[in-house]
Amino acid sequence: MNQNRNSHSSSRMTAQDVASLAGVSQSTVSRVFNPKWKGKVKPEICERVLKIATETGYTPNTIAHILTSKRSGIVGVLVSKQYQVFYYAVLSEITACLNANGFQTMLFLTDPKDAIDDLLTDVLRYQLDGIIITSAAATHDLYQSKTDFPIPAVLYNGYVPGLSISAVHSDNYAGCIQMADYLVSLGHRNFAYISTANSAYRNYAVRQEAFLHGLSMHGIHSCKIEEADYSYESGAEAAYRLLTSAHAPDAIFCSGDINTMGALDAARKLGRDIGETLSIAGFDAPCGMDLPPYGITALRQDTGQLARDAVQILKRMIDTDDRSPVVVTRPMELVVRTSTRPRPTEK
């Protein structure tokens, strides 16, 4: 290392110091260390700047960058305090997408009883570039709120007409009609639906509405409704009540993932012939649903695509300062497994 570089390394290096040694501008040094500029600076310049930075011990001053650019490069992600397998996988996908677009993630744990104003106060204590709110983390009054968010915001896996916020979500309505069509095609006529009306978190009422509408299109206007929440225990209890009642159903559709597993185990304990005389279906979870002991027929959401959609919308809002609400709707996929009976022609 030459004398000039040794003299610089004895004190804290600045971007200007590195720029002088590399023979480039200070803005070029900043771009080399900015993930958003990855691949946009000539490789030979990147190599020269990084070599000098390594030799001199230079690291970018994040605080100075925030002050000059008014951007922190940090996005807040709001998730539920209650552990859920589905949102654990979703968080991994959102974080990966944010990192690929040059953002770091700050995690906020919320409760459905939190007031939206308190939630925003907590979030705005930090200089975030934007926030992604997962539906399980959304407070109840968020869905009633007409609040204009002071920073770019996207609601993940949830959409409420009239709410002034961008959203990405799955087409629950079309998916549940497809499920009704499928179960009817198997020859079922006695239906039950296990809702999540008892959950402290959001109940997707549209799922129940769509499923009942789908049945009605086949002339079926009777369907038992059993209220539950998203938990395994709640699904098991709801299924037990249904299957031990008079006129027990021969097809059960659950508005969740883990509660579907509970419903299937309850039916198994009662000695029901799952996948033959009784069909059980629900919504897909990131793990467990396809394991041999369960093999649950389910509606699958493309969570990876939803994560990419959310980050893309948020990045556009951050880059352009255009916060006009955007809504992206993705189709669901019906995944047929062994928990539902074969079609009559397949036997």
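A brief report on the enclosed structure follows. (Residues numbered from 1 in each chain as written. Predicted model: local features only at pLDDT ≥ 70, side-chain atom pairs only at ≥ 80, totals over all residues. Heavy atoms only, no water.)

Here the focus is the overall build of the protein chain. When helices and strands are tallied, the protein chain shows twelve helices and twelve strands. Across the protein chain, every contact between residues at least 6 apart in sequence was considered, and the portion connecting residues at least 24 apart equals 73%. Per element, the accessible surface of the protein chain, about 16700 Å² overall, is 52% carbon and sulfur. (Helix = DSSP H or I, 4+ residues; strand = E, 2+ residues; numbered from the N terminus. Contact = heavy atoms within 4.5 Å. Areas by Shrake-Rupley, 256 points an atom, 1.4 Å probe, with all protein chains shown as cover.)

For the rest of this paragraph, the subject is the nonpolar core. One finds Ile94, Leu98, Ile132, Tyr156 and Val168 to be the most contacted residues of the largest nonpolar core, which totals 26 residues. Mapped by element, the contributors of at least two residues to this core are β1 (74–80), α6 (85–100), β4 (153–156) and α12 (303–320). Take this core: its biggest share by element is eight residues, from α12. Look past the residues within four positions of Ile132 in its chain and what remains in contact with it is Val75, Gly76, Val77, Leu78, Ile94, Leu98, Val154, Tyr156, Ala310, Val311 and Leu314. Formed by 23 residues, the second largest nonpolar core is a distinct cluster that contains Leu264, Ile274, Leu278 and Ile296. (Core = buried A, V, L, I, M, F, W, Y, C linked by side-chain atoms within 4.5 Å. Buried < 20%, exposed > 50% of the residue type's maximum accessible area, 1.4 Å probe, protein only.)

Mapped onto the fold, Asp309 is located in helix α12. Residue Asp309 is classed as buried on the basis of its relative accessible area, which comes to 4%. What Asp309 contacts, discounting residues up to four positions off in sequence, is Val168, Val328 and Arg330.

With parallel pairing, the six strands of this open sheet are ordered in space as β2-β1-β3-β4-β5-β11. On the outer flanks of this sheet lie β2 (104–110) and β11 (327–330), each paired with one strand and no other. Between one strand and the next, the sheet's axes are offset by a mean angle of 15 degrees, whatever the strand orientation. Pairing of β1 with strand β3 (residues 130–134), which is carried by four bridges, proceeds in the parallel orientation. By the bridge assignment, Gly76 is partnered in β3 with Ile131. In the packing of α6 onto the sheet, the strands contacted are β1, β2, β3 and β4, and the crossing angle to β1 comes to about 175 degrees. (Pairing = 2+ DSSP bridges. Axes fitted to C-alpha atoms, helices over the stretch in contact; angles between N-to-C directions.)

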